[in-house]
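Residue strings, one per chain:
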Amino acid sequence: MFFVDTIELEGLGNRSYLAGGERTAVAVDPPRDIDTVLAAAARRGVRISTVVETHVHNDYVTGGLELARITGAAYLVPAGARVSFARTPVADGDTARVDTDLTLTAVATPGHTPHHTAYVLNEDGRPVAAFTGGSLLIGTVGRPDLVEPRLTEELARAQHASARRLAEGLPDETAVLPTHGFGSFCSSAQADGDSTTIGKEKASNAALSVDVDTFVADLLAGLEDVPAYYTHMGPANAAGGAPVDLTPPAVAAPDEIAARLAAGEWVVDLRNRIAFAEGHVAGSFNFEVDGKLATYLAWMIPWGKPVTLLAESPEQIANAQRELVRVGIDRPAAAATGGPDRWLRGGERPASFPRSTFAGLAGQGADRIVVLDVRRDSERAAGWIEGSVHIPIHQLHQRLGEVPDGTVWVHCAGGMRAGIAASLLDAAGRDVVAVDDGFDAAADAGLPVATS
């Protein structure tokens, strides 16, 4: 009998896997904080004998090299990947033993990257699962535009062919186990569901149901902005992800927090957006630790800018560190726990701003306020409040000067990104109201919602 354990990377919308038998196992696309994988192996009582990468990742720093070093495992990386470390290069059709009666077969699946490789897990020679990385995902495929603009259309066509190769070569009952697609911006669309098989994908995945020209046109038309930090992930992985240090950061006293803000550094408050709105250190930004912290903070912060973390508890700091090392933000400059009463100097008062709903927005005079929509382009295309200003959240820090004068009522689709945006505007000295509400409530509140 074999097992497959899923290691969720919820903040990044990715998954890693540990698969094996009674004694040994393979780790697939492991995260940089490899203790999660080692713990999974310990729970199973198996030794990690093999570590594989489906591709050189563009959205997170891998822990594969370090995991292989610590465990003594063979490190399998696609032969076409340009990397600067020793590894076992893998070509189409190569096989590797995982455990008794368990083998992996490499399947070249270019598209997400030119060298992308899927791995089929075979039990007694029968395919039982396919680790598809950024190739065939749940209801979609990995985006083809992360390598080089000149290659995007070529790779999109390759995605179509690779998805069909997997579908035609594997039994319908074969489990499809992708790395991307659960909120990752490496996916060309979001996964519809939590699990799938080759048979299910044949019935629902456009790559397997429409012709290549239609597929490519639709795929390219639906691509959205690439997170800025992706620029740094590929080179980090090509060099080999360095070991991580998750020890607690140095503690910042109120004078140091103030000094770091005065120096233009980022002070990030990890508390929930309700607590932040009620009281925070003036000039700090709010990225909830339970939100998509790594994605949005790494996307928006100037790369290499020192960051100080503020949180209610050491556990929140530790969780944030784990999320951030996965995207190459290795060590916070400092950290502090508690609340504003412990972070402010004597005589200073917390800053705050109000929160409201779309019903509250509907009661305002349109001539006295600015409505700012910070959703993505695709979200806004489905409907927007007439007269609203549109600046996607990941662009707001560079475009604050474009927000018209007046009190800014900022909204997104559900509240989290509006909280981030409100903190940026508040830090810039703007009067702001965070609309903490689902966008579906806008029309119900009587606000004029336009559609294209």
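Further up the page is the structure itself.
Everything quoted here is computed from the prediction, not taken from an experiment.

Definitions and limits used
- Residues numbered from 1 in each chain as written.
- Predicted model: local features only at pLDDT ≥ 70, side-chain atom pairs only at ≥ 80, totals over all residues.
- Heavy atoms only, no water.
- Helix = DSSP H or I, 4+ residues; strand = E, 2+ residues; numbered from the N terminus.
- Expected span 1.5 Å × (residues − 1).
- Buried < 20%, exposed > 50% of the residue type's maximum accessible area, 1.4 Å probe, protein only.
- Contact = heavy atoms within 4.5 Å.
- Pairing = 2+ DSSP bridges.
- Axes fitted to C-alpha atoms, helices over the stretch in contact; angles between N-to-C directions.

The terminal C-alpha atoms of helix H10 (residues 314–325) lie 17 Å apart, and with 12 residues this matches the ideal 16 Å at 1.5 Å per residue to within 8%. Looking at H10, one finds that the buried residues are Gln316, Ile317, Ala320, Gln321, Glu323, Leu324 and Val325. Summarising the contacts, the buried residues of H10 are in contact with helix H9 (293–300), strand E14 (307–311) and strand E15 (334–337).

Along strand E2 (residues 14–20), 7 of the 7 residues are buried, which leaves the element largely enclosed by surrounding structure. Alternating residues of E2 divide into Asn14, Ser16, Leu18 and Gly20 and Arg15, Tyr17 and Ala19, and every residue in both groups is buried. Alignment of strand E1 (residues 3–9) against E2, held across 7 bridges, turns out to be antiparallel. The residue of E2 that forms the bridge with Val4 is Ala19. The hairpin turn running from E1 into E2, its antiparallel successor, is 4 residues long, and Gly13 in that turn takes a positive phi close to 75°. Taken together, the 4 bridges between E2 and strand E3 (residues 24–28) define a ladder with antiparallel strand orientation. Bridge pairing links Leu18 to Ala27 in E3. In textbook terms, the turn of a hairpin is the stretch between consecutive antiparallel strands, and for E2 and E3 this stretch comprises 3 residues.

The mixed open sheet is built from 5 strands, whose spatial order is E7-E8-E9-E10-E11. Of all strands in the sheet, those with a lone pairing partner are strand E7 (95–99) and strand E11 (175–178), marking the two edges. Between one strand axis and the next, the sheet turns through 25° on average, direction left out of account. Judged from the 4 bridges that link them, strand E10 (residues 126–133) and E11 form a sheet pairing that is parallel. Within the sheet, the bridge partner assigned to Ala130 lies in E11 and is Val176.

Taken by themselves, the reported measurements are silent on function.
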